[in-house]
Amino acid sequence: MAQQLPLDELSTVIARIQGLLLTEEKVNTAVRLLAQAAKESVPGTIGAGVSLLDARGRRTSSGYTDRIVAEADAVQYECGEGPCLTAWATEKPVLLKDIQHESRWTEWRKAVQGLPVRSVVSAPLIAGKESLGALKLYAAAPNIYDEASTTLLQLFAAPAATLLSHIQASEAPHKMTEGLQMSLYSRDLVNRACGVLMERRGISHEAALHWLIRQARHENTALQDISERVLAGTPASGS
């Protein structure tokens, strides 16, 4: 069972992250520093990582402390599903206490059976109205993470997302154009599309969300576009 860090220690760690990120000019270096600080925050963690994603759920940058994180994350991107993609898409933290007693992300769970991954916690990186990606922790034992771990990771994610957003904007202002902002999905729109799929196909919310993400990646379009088509009753390719 994870233990929440004392308030003074937590404040020190967050201050350290802020100081490190504010002195970095490159996003890739910043996310690696953040991942290392996150790993050190929860005992039992074997690896931490930060993934920055675009509107289609594809990596634009990533940093990780250990190879296991890169391998487990790569499977998520290949399958189009997993705890980190769900955290990013729903803009809510995701807690997986024991992968052997989990029913979500069927394809991803099968693909990581050979990896030492038993528990995961992931928090979205949200700056303003933009979901930048996700911060995640992996453990080789079950029940390493709990609600306290989830809260702690969210406390890391909030200032980190703001700082990463500033670094991105300073490195490449053209990325923060109106066109990109318009392409970012609306969470309400995605949730409504999930509701339609749940009723139409008789599936769970998680399954509906995974379908939307996979479809967006397959068609190389934004999650918002696929959601709009579902709400309009227009079938997507592969439906």
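Residues numbered from 1 in each chain as written. Predicted model: local features only at pLDDT ≥ 70, side-chain atom pairs only at ≥ 80, totals over all residues. Heavy atoms only, no water.

Brief notes about the environment of Ala74
Phase 1: Considering the arrangement of structural elements, one finds Ala74 in helix α3 (residues 67-79).
Phase 2: Under the relative-accessibility criterion, Ala74 is labelled partly exposed at 23%.
Phase 3: A C-alpha to C-alpha distance of 9.7 Å links Ala74 and Arg59, two positions 15 residues apart in sequence. (Helix = DSSP H or I, 4+ residues; strand = E, 2+ residues; numbered from the N terminus. Buried < 20%, exposed > 50% of the residue type's maximum accessible area, 1.4 Å probe, protein only.)

Topic: the packing of aromatic side chains
Phase 1: Scanning the entire structure with this criterion turns up one aromatic pair.
Phase 2: On the basis of an interplanar angle of 90° and a centroid distance of 6.3 Å, the ring pair of Trp105 and Trp108 is categorised as edge-to-face. Trp108 carries the same exposure label as Trp105, and that label is buried. (Phe/Tyr/Trp six-rings, centres within 6.5 Å; stacked < 30°, edge-to-face > 60°.)

Looking at the nonpolar core
Phase 1: Grouped together as the largest cluster of nonpolar side chains are 28 residues, with contacts concentrated most on Val50, Leu125, Leu135, Leu137 and Leu164.
Phase 2: When contributions to this core are tallied by element, the ones reaching two or more residues are α2 (27-41), β1 (45-53), β4 (119-127), β5 (130-139) and α6 (147-171).
Phase 3: Looking at this core element by element, the count peaks at eight residues for α6. (Core = buried A, V, L, I, M, F, W, Y, C linked by side-chain atoms within 4.5 Å.)

Section: the pattern of salt bridges
Phase 1: Under the criterion given, the structure shown has seven salt bridges.
Phase 2: A salt bridge links Lys136 to Asp73; the shortest N-O distance between them is 2.6 Å. Within this pair, whereas Lys136 is found in strand β5, its partner Asp73 is found in helix α3, the two being separated by 63 residues in sequence.
Phase 3: The class for Lys136 is buried, based on a relative accessible area of 0%.
Phase 4: The exposure class assigned to Asp73 is buried, which follows from its relative accessible area of 6%.
Phase 5: Across the pair Arg229 and Glu219 runs a salt bridge, and its minimum N-O distance is 2.8 Å. (Salt bridge = Lys/Arg side-chain N within 4 Å of Asp/Glu carboxyl O.)

Overview of the side chain of Glu102
Phase 1: Within the secondary structure layout, Glu102 lies in the loop between β3 (94-96) and α5 (106-111).
Phase 2: Apart from the residues lying within four places of it in its own chain, the contact partners of Glu102 are Leu96 and Arg109. (Contact = heavy atoms within 4.5 Å.)

Focus: the side chain of His210
Phase 1: Topologically, His210 is positioned in helix α9 (residues 205-219).
Phase 2: Residue His210 is classed as buried on the basis of its relative accessible area of 4%.
Phase 3: Here the side chain of His210 touches Trp105 through a polar contact of 3.1 Å, side chain to side chain. (Polar contact = N/O pair within 3.5 Å; in protein donor to acceptor, adjacent residues only side chain to side chain.)

Quick notes on the pairing of strand β2 (residues 59-64)
Phase 1: Examined bridge by bridge, β1 and β2 share five bridges and lie antiparallel to one another. Each bridged residue has a counterpart across the sheet, and for Gly49 the counterpart in β2 is Tyr64.
Phase 2: Connecting the antiparallel pair β1 and β2 is a turn made up of five residues, with Gly57 showing a positive phi of about 80°. (Pairing = 2+ DSSP bridges.)

Quick look at the packing of helix α4 (residues 83-90) against α9
Phase 1: Two numbers describe how α4 lies on α9: the axes approach to 11 Å, and their chain directions differ by 90°. Accordingly, the angle class assigned to the pair α4 and α9 is roughly perpendicular. Facing Leu85, Thr86, Ala89 and Thr90 of α4, the residues of α9 in contact are Glu206, Leu209, His210 and Ile213.
Phase 2: Split into classes, the residues belonging to the contact of α4 with α9 amount to four nonpolar, three polar and one charged. (Axes fitted to C-alpha atoms, helices over the stretch in contact; angles between N-to-C directions. Parallel < 35°, antiparallel > 145°, perpendicular 65-115°, else oblique. Nonpolar A, V, L, I, M, F, W, Y, C, P; charged D, E, K, R; others polar.)

Scope: geometric values only; no functional claims are made or implied.
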